[in-house]
Amino acid sequence: MKKYIRVILLTAVATAPALAQNGGFTGPAADAPAQQGGFTGPGVATSTVEQAKSMRDDSQVVLEGNIVRKLGHELYEFRDNSGVINVDIDDKRWRGLTVSPKDRVRLEGEVDKDWNSVEIDVKKISKP
């Protein structure tokens, strides 16, 4: 029985590329390499700290400004021209990026509202 299953699996693996080549579009640009799909329109607009504080919980937000100081493990103070807000940046989000208070950064994340506070849960950090 095991031998029979192995033969079926090997046959399926060997014929899969041939099956994948059959069919498809044969008109203009048919030989163009396939590109990864996705949305190509406008994204989330850059907001200010003041605007972010009035947004709903879990709203997507993009902020540009400076990380002023570290408040605790993965918790930082962020400032732009409109104000200051705490941002939560998981260690894995840094991906080797080094930032000082003088560096302008772009934070993409979501608003995290509790009863008495608002902070940003950062999903991506970059230098613009």
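Reading the values: rules and limits
Residues numbered from 1 in each chain as written. Predicted model: local features only at pLDDT ≥ 70, side-chain atom pairs only at ≥ 80, totals over all residues. Heavy atoms only, no water. Helix = DSSP H or I, 4+ residues; strand = E, 2+ residues; numbered from the N terminus. Buried < 20%, exposed > 50% of the residue type's maximum accessible area, 1.4 Å probe, protein only. Contact = heavy atoms within 4.5 Å. Areas by Shrake-Rupley, 256 points an atom, 1.4 Å probe, with all protein chains shown as cover. Core = buried A, V, L, I, M, F, W, Y, C linked by side-chain atoms within 4.5 Å. Salt bridge = Lys/Arg side-chain N within 4 Å of Asp/Glu carboxyl O. Polar contact = N/O pair within 3.5 Å; in protein donor to acceptor, adjacent residues only side chain to side chain. Pairing = 2+ DSSP bridges.

Visitor: So what exactly am I meant to see when it comes to the overall build of the protein chain here?
Guide: Scanning the protein chain from N- to C-terminus turns up two helices and six strands. Scanning the protein chain from its N terminus toward the C terminus, one meets helices and strands in the order α-β-α-β-β-β-β-β. Looking at the protein chain as a whole, 21% of its 128 residues qualify as buried. For the protein chain, long-range pairs separated by at least 24 residues make up 51% of all intrachain contacts whose partners lie at least 6 apart in sequence. For the protein chain, the exposed area adds up to about 9,600 Å²; of that, 53% sits on carbon and sulfur atoms.

Visitor: What's the story with the nonpolar core in this structure? I'm lost.
Guide: By size, the foremost hydrophobic cluster in this structure holds 17 residues, and its most contacted members are Ile67, Phe78, Val87, Ile89, Leu107, Ile120 and Ile125. At the level of secondary structure, the elements contributing two or more residues to this core comprise helix H2 (49-53), strand E2 (60-72), strand E3 (75-80), strand E4 (83-89), strand E5 (104-113) and strand E6 (118-126). Contacts of Leu107, omitting those with residues within four sequence positions, involve Val61, Val62, Leu63, Phe78, Val87, Ile89, Val122, Lys124 and Ile125.

Visitor: Is there a simple way to think about the pattern of salt bridges in this case?
Guide: Think of it this way: side chains of opposite charge can pair up when their charged atoms draw near. Scanning the model with the defined rule gives seven salt bridges in all. A salt bridge links Glu64 to Arg106; the nearest nitrogen and oxygen atoms lie 2.8 Å apart. Of this pair, Glu64 sits in strand E2 while Arg106 sits in strand E5; the two residues are 42 residues apart in sequence, bridging distant segments of the chain. Note on Arg106: relative accessible area 22%, which makes it partly exposed. The residue Asp121 makes a salt bridge to Lys123 at a minimum N-O spacing of 3.1 Å. Here the residues in one salt-bridge network are Glu64, Arg104, Arg106 and Glu108, joined through shared partners.

Visitor: Any chance you could explain the side chain of Glu64 here in plain terms?
Guide: Within the structure, the side chain of Glu64 is placed 2.8 Å from the side chain of Arg106, a separation counted as a polar contact. Aside from chain neighbours lying at most four places away, what touches Glu64 is Thr46, Phe78, Asp80, Arg104, Val105, Arg106 and Pro128.

Visitor: Explain unusual backbone geometry here, please?
Guide: Negative phi characterises most residues that are not glycine, and trans characterises most peptide bonds. Not every positive phi belongs to a glycine, and Asp58 is a case in point at roughly 70 degrees. Considering the arrangement of structural elements, one finds Asp58 in the loop between H2 and E2. Even without being a glycine, Glu74 presents a positive backbone phi close to 65 degrees. Among the secondary structure elements, Glu74 is positioned in the loop between E2 and E3.

Visitor: What am I meant to see in the pairing of E4 here?
Guide: Each regular strand carries side chains that alternate between the two faces of the sheet. Of the pairings in the sheet, the one linking E3 to E4 comprises six bridges and is antiparallel in character. Pairing of Arg79 across the sheet is with Val84, part of E4. In sequence, E3 turns back onto E4 through a hairpin of two residues. Two strands pair when backbone bridges link them, and E4 and E6 are joined in this way by four bridges, in the parallel orientation. For Asn86, the partnering residue across the bridge sits in E6 and is Glu119.

Spatial relationships are all this shows, so hold off on functional conclusions.
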